[in-house]
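Residue-level structure breakdown
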Amino acid sequence: MLFLVAALLLLGFALGTVAHAPLSFTLVAAAVIGVWLAVFAVRERHSRRHQH
């Protein structure tokens, strides 16, 4: 339960920060996070294929 409360607080803080940030900064940050998640997904898929 404490984890859920902490996650919601961080989400609220992040959304509040994004609301006050310029749109260009928000789009660049979203693109960076998206690329990072895509790289992570590809690395995970690649490592799982080679373990079996």
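Placed above this text is the structure.
Now for a description of the structure that goes with this document. Please read all numbers here as calculations on a predicted model, not as lab measurements.

As for the packing of aromatic side chains
- With the rule as written, the count across this model stands at one aromatic pair.
- Plain terms: the ring middles of W36 and F40 are 6.4 Å apart, the flat faces sit at 25° to each other, and that makes the pair stacked. Placement of both W36 and F40 in helix α2 (residues 23-51) is noted, with a separation of four residues, approximately one turn of the helix.

Observations regarding the pattern of salt bridges
- Scanning the model with the defined rule gives one salt bridge in all.
- Here E44 and R48 are joined by a salt bridge, their closest N and O atoms 3.8 Å apart. Of the two residues, E44 and R48 both sit in helix α2, four residues apart, roughly one turn of that helix.
- On the accessibility criterion, R48 (55% relative accessible area) is exposed.

As for α2
- Between its terminal C-alpha atoms α2 stretches 42 Å, which fits the 42 Å expected from 29 residues at 1.5 Å a residue.
- Of all the 29 residues making up α2, zero are buried; the element is thus mostly uncovered.

Cut-offs used in this document
- Residues numbered from 1 in each chain as written.
- Predicted model: local features only at pLDDT ≥ 70, side-chain atom pairs only at ≥ 80, totals over all residues.
- Heavy atoms only, no water.
- Phe/Tyr/Trp six-rings, centres within 6.5 Å; stacked < 30°, edge-to-face > 60°.
- Helix = DSSP H or I, 4+ residues; strand = E, 2+ residues; numbered from the N terminus.
- Salt bridge = Lys/Arg side-chain N within 4 Å of Asp/Glu carboxyl O.
- Buried < 20%, exposed > 50% of the residue type's maximum accessible area, 1.4 Å probe, protein only.
- Expected span 1.5 Å × (residues − 1).

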